[in-house]
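This is what each chain is made of:
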Amino acid sequence: MKFNQRIKLLKIMPSNGRADPVIASKVTVWADVSDVGVTTKYTALQAGAEISLTAVMWRREFEKDDYTHIDYRGKRYKISQTGSAKNDLHIKLTLERG
């Protein structure tokens, strides 16, 4: 598997009042980012989720902190689910826009 795209893992903490959420930590890592298939997208829509992308990366880099979002090509995506990939050393992130 080729990890040929850079993403920023973000840990976003809510703030008080009307202030913007605070980015508690961030790190840039390499990942394989891809669009989801039609079947996955429509299954997620039926369950009330709007899946935009998936990203596969090294599990050890993800598990260092409780990351909640990623920044990919200047757009922020929420990590809605994590799951297993083809290898135990990798982790698959399911991402929603926003």
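Our subject is the structure that appears above.
Each value, and the rule that gives it
- Residues numbered from 1 in each chain as written.
- Predicted model: local features only at pLDDT ≥ 70, side-chain atom pairs only at ≥ 80, totals over all residues.
- Heavy atoms only, no water.
- Pairing = 2+ DSSP bridges.
- Helix = DSSP H or I, 4+ residues; strand = E, 2+ residues; numbered from the N terminus.
- Core = buried A, V, L, I, M, F, W, Y, C linked by side-chain atoms within 4.5 Å.
- Buried < 20%, exposed > 50% of the residue type's maximum accessible area, 1.4 Å probe, protein only.
- Contact = heavy atoms within 4.5 Å.
- Axes fitted to C-alpha atoms, helices over the stretch in contact; angles between N-to-C directions.
- Salt bridge = Lys/Arg side-chain N within 4 Å of Asp/Glu carboxyl O.

(A) Fine view of the pairing of strand 4 (residues 69-72). Taken together, the three bridges between strand 1 (residues 5-13) and strand 4 define a ladder with antiparallel strand orientation. Each residue of the ladder has a partner; that of Lys8, found in strand 4, is Asp71. Direction of pairing for strand 4 relative to strand 5 (residues 75-84): antiparallel, over a ladder of four bridges. Note on strand 5: the bridge partner recorded for Tyr72 is Lys75. Here strand 4 folds back onto strand 5 in antiparallel fashion, the turn holding two residues, of which Arg73 has a positive phi close to 55 degrees.

(B) Broad picture of the nonpolar core. Of all hydrophobic cores here, the largest spans 17 residues; its most connected members are Ile7, Leu9, Met57, Phe62, Ile70, Leu93 and Leu95. Within the residue set of this core, elements represented by two or more residues are strand 1, strand 2 (22-35), strand 3 (51-58), strand 4, strand 5 and strand 6 (90-97). If we skip the residues at most four places from it in the chain, Leu95 touches Glu50, Ile51, Ser52, Leu53, Thr54, Ala55, Ile70, Tyr77, Lys78, Ile79 and Ser80.

(C) The sheet that holds strand 3, seen in detail. Sheet architecture is closed into a barrel: six strands sit in the order 1-2-3-6-5-4, paired in antiparallel fashion. When strand polarity is set aside, the average angle formed by the axes of neighbouring strands in this sheet is 45 degrees.

(D) Broad picture of the pattern of salt bridges. Within the structure shown, the criterion is met by three salt bridges. Ionic pairing is found between Lys11 and Asp65, a salt bridge with its closest N-O pair at 3.3 Å. One end of the pair, Lys11, is in strand 1; the other, Asp65, is in the loop between helix 2 (59-62) and strand 4, with 54 residues separating them in the sequence. Judged by its relative accessible area of 24%, Asp65 is partly exposed. Between Arg60 and Glu61 there is a salt bridge; the shortest N-O distance is 4.0 Å. Among the residues examined, Glu61 registers a relative accessible area of 22% and is labelled partly exposed.

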